[in-house]
Amino acid sequence: MGQSILYGIISVVICVAFFTLVNHVFMDMQGLDYWYLFRK
Amino acid sequence: MGLVTKKNLFSILALGAMIGLLLLPIIMALPLHAAGEETPVADAVKKEGDQGEKVEKGRDVYYKTEGIVVGAPAPKTTDGPKDYPRYNFESRVLLWFANQQHLYYGSFVLAVPIFCMVIEFMGVMTKDKALAKRYDQLAYDFIKISLTAYSLTAILGGILIFTFLTLYPAFFGYLSSIFRPVMHIYALLFVAESGTLYIYYYGWDKMKEGFLKWIHLSMSVILNVIGTLLMMLANSWIGFMMSPAGVDEQGRFLGNIWHVIHTALWNPLNVHRILGNMAFGGGVVAAYAAYRFLASKTDEDRAHYDWMGYIAMALGVAFLIPLPFAGYWLMREVYAYRQQMGITLMGGLLAWLFIIQATMIGILFLSTNYYLWQAMGRMRGAEKYQRYIKYLVFLLACGFLVFITPHTMVMSPAELKAMGGQQHPVLGNYGVMSAKNGGINVIITTTVLSFVWYMRGNRVSTVSWAKFGNIFMGVFFACAYINIIWLAIYGYYIPANVRVGLSVPQVATTLSCLFFMFGLNSVMMRGAKQTGPIEWGKISVRSQYALIMLATAFTWMMGLMGYIRSSVRLFWHVNEIMRDNSPWAYTHTVGFAANMISFNVLFFWISILFVFWLGSLAAKKVPVEAKAGVPGRVPEPAGSH
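A brief report on the enclosed structure follows. (Residues numbered from 1 in each chain as written. Chains lettered and ligands numbered in written order. Predicted model: local features only at pLDDT ≥ 70, side-chain atom pairs only at ≥ 80, totals over all residues.)

Overview of the overall build of chain B
Selection rule: In this text, helices come from DSSP runs of H or I with a minimum length of four residues, and strands from runs of E with a minimum of two, each type numbered from the N-terminal end. In this description the radius of gyration comes from C-alpha coordinates, and the expected globular size is given by 2.2 Å times residues to the power 0.38. Burial is judged by counting the other C-beta atoms within 10 Å of a residue's own C-beta: 20 or more makes it buried, 12 or fewer makes it exposed, and any count in between marks it as partly exposed, with every C-beta position built from the backbone. Here contacts are defined at the residue level, using C-beta atoms placed from the backbone and a cut-off of 7 Å between them.
The secondary structure content of chain B amounts to 20 helices and six strands. Taken over the C-alpha trace, chain B has a radius of gyration of 27 Å; the compact-globule value for 641 residues is 26 Å, and the two agree within 12%. By residue count, 41% of the 641 residues in chain B fall in the buried class. Long-range contacts, defined here as pairs at least 24 residues apart, represent 83% of the contacts in chain B between residues at least 6 apart.

What follows is the structure in structure tokens.
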């Protein structure tokens, strides 16, 4: 059970990092700011 | 030995003849081209030299380059028997019918040889001999269906030309004066296509092994090159009608045939149409397999047609996935060419047709998912996913409802006043692209998930990191959904110029699921333990109706998008160059258009059933395989699914 939780946490960290990177890179490629609302 | 060498030599000659036929139109066109274009120019220059007269020049409406005027201006037509001879019927509707039927059949006969090429190649590469034979037989069955359809395509093309000549002589005269060399090349390429197709089909048995088989495969490549060129040439005519180039503002040809072919919308149309052909062709073949499945009398036949239906569906849906990107590129180029045309399409007169398109796309994906869930029912071990299907249904339903929601309602002035504005207070929030993109990406991600479950339905991973892999896949999909929905909501809180870019990371999320999860699944399934074979033929009857639904939806969508593409020209035969002065220079109501599309779809399906029936008359008996249900005995397609 503990192992599953550990695997789950690692997976969440990887996936969140990956999708955040995807969001940032693909908006940046278009010259747009993904973090617009957070900067406001 | 000598006989084998003679056969090799003959087949090499046949291949060489096909390549020669393919190149012949280009070789013949070169001197004609030079003579056709340089002579008037040379004459004009000579005139200038002799008499000091000014050579008339014009500026290309699109490329803005200067060129010497070669052709006559676009005719200014008037409503009457000279420019618009007619029967006691709307000519435009007759032309619409002829054009649509030709396009349906043309699309089918272009797509099927591509399937044949892929499946024949799979047959050559597969190590399992029995499976290789099945693939080869499948490819042969596909090309057999294509032959009768090919004749019908040519007949319908003839009907289309005659309809143009008799009902729109002024327009067709103008178009053919500009595209004269292209039309000759088109006709010659038909010779090449026919020759190649007949040698490819009739030479199948004689060339089924060894070196000859590779020659045969090469023939399929050439067949598809010719077919693609045919499509691209025809696309140049409609590209010219929508976004003319190579002519001046009066429509006078400026001598550069490449400019006339290579209009702004030519390549977007080429890419979109080739993908659309494949998706449509896959749907039609899947429906053929479904029909044969439903009519099967033996378990072996049912097993064969179940398998055929799966492969055709998988190929069709594989090409459906990139189709929206091609469509997006086409729309973007329309907007870039003429912003008003883009607005007419998606923000004005034709906007509601795009709502219908959204509905059809939703139906396509719902049918695909439903078929996959039914298909999982014939796999022992796939029951583990059964209890989660209801959540996928929920996701699909929500995504579908959001995706089809319109932004503006069709309403009367009284309703407009009651609502207090153009936008419905509730629904108006949902009809924006931010939300709709979220909806469709959720639908596509769910389809990817259904495919992944299908591919691992009857297997258990035996890799050492299987537990981590399974958890990672689950978390990846969950995070993908959350990211897509987050971006859809985020769009509401940022300005439009930033929001418009959010569709790209949304799509990237969906494609990440597609590529990475398919890849990860393939790696995890290496050496996997099978819990039971796929029991081909044991699929439910409902699933075959889902395949027929898929094919019908593809056909209807093709008719709809073709109508949209044609209507965007509004009252122009050639956009901003040659005006449509016929009595039918108006846009039909959405209801009329829908009825016409439905009639075209119905007519096509009745006629293609005739084609299928013809194909079954001379059907070769399919090699009988071992009965399904015996684990490990039933040969499975490559990649297992």
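Comments concerning the interface of chain B and chain A
Often, the extent of an interface is quoted as the loss of accessible area upon association of its parts. Listed per partner, the contact involves 18 residues of chain B and 17 residues of chain A. Where the side of chain B that touches chain A is concerned, the elements lending two or more residues are helix 16 (466-490) and helix 18 (503-524) of chain B. When residues of the side of chain B that touches chain A are assigned to their parent elements, the largest contribution, nine residues, is made by helix 16 of chain B.

Some points on helix 15 (residues 433-455) of chain B
Quick note on the threshold: Any helix carries an expected span of 1.5 Å times its number of residues minus one.
Between its first and last C-alpha, helix 15 of chain B extends 33 Å over 23 residues, near the 33 Å set by a 1.5 Å rise per residue. Extensive coverage of helix 15 of chain B is indicated by the burial of 20 of its 23 residues.

What about the packing of helix 15 of chain B against helix 18 of chain B?
All names here are of chain B. How we decide: Orientation is described by lines fitted to C-alpha atoms, with helices fitted over the stretch in contact, and by angles between N-to-C directions that extend from 0 to 180 degrees. Should an angle lie under 35 degrees it is considered roughly parallel, over 145 roughly antiparallel, and from 65 to 115 roughly perpendicular; all remaining angles are considered oblique. Amino acids are sorted into nonpolar (Ala, Val, Leu, Ile, Met, Phe, Trp, Tyr, Cys and Pro), charged (Asp, Glu, Lys and Arg) and polar (every other residue, Gly among them).
Helix 18 packs onto helix 15 with a crossing angle of 5 degrees between their chain directions and a minimal axis gap of 9 Å. When the axis of helix 15 is compared with that of helix 18, the two are roughly parallel. Listed contacts from helix 18 to Met433, Asn437, Gly438, Asn441, Ile444, Thr445, Val448, Val452 and Met455 of helix 15 are Ser503, Gln506, Val507, Thr509, Thr510, Cys513, Leu514, Met517 and Asn521. Along the lines of polarity and charge, the residues of the contact of helix 15 with helix 18 split into nine nonpolar, nine polar and no charged.

Structural notes on the nonpolar core
Definition in use: When buried Ala, Val, Leu, Ile, Met, Phe, Trp, Tyr and Cys residues are joined through C-beta atoms within 7 Å, the set is termed a nonpolar core.
Among the nonpolar cores identified, the biggest contains 167 residues, and Val112(B), Phe142(B), Ala286(B) and Leu550(B) are the most heavily contacted of them. Among the elements that make up this core, the one with the highest residue count is helix 8 (residues 266-294) of chain B (16 residues).

A short note on the packing of helix 8 of chain B against helix 9 (residues 299-320) of chain B
All names here are of chain B. Here is the rule: Two helices cross in a left-handed way if the nearer one is turned anticlockwise from the farther one by less than a right angle. They cross in a right-handed way if the turn is clockwise.
It is at 7 Å that the axes of helix 8 and helix 9 come closest, and there the two elements cross at 165 degrees. By the angle between their axes, helix 8 is roughly antiparallel relative to helix 9. When the axes of helix 8 and helix 9 are compared, the crossing they make is left-handed. Seen from helix 8, the contacting residues are Leu275, Met278, Ala279, Gly282, Gly283, Val285, Ala286, Ala289, Ala290, Arg292 and Phe293; seen from helix 9, they are Arg302, Tyr305, Asp306, Met308, Gly309, Ala312, Met313, Leu315, Gly316, Phe319 and Leu320. Split by residue class, the contact of helix 8 with helix 9 holds 15 nonpolar, four polar and three charged.

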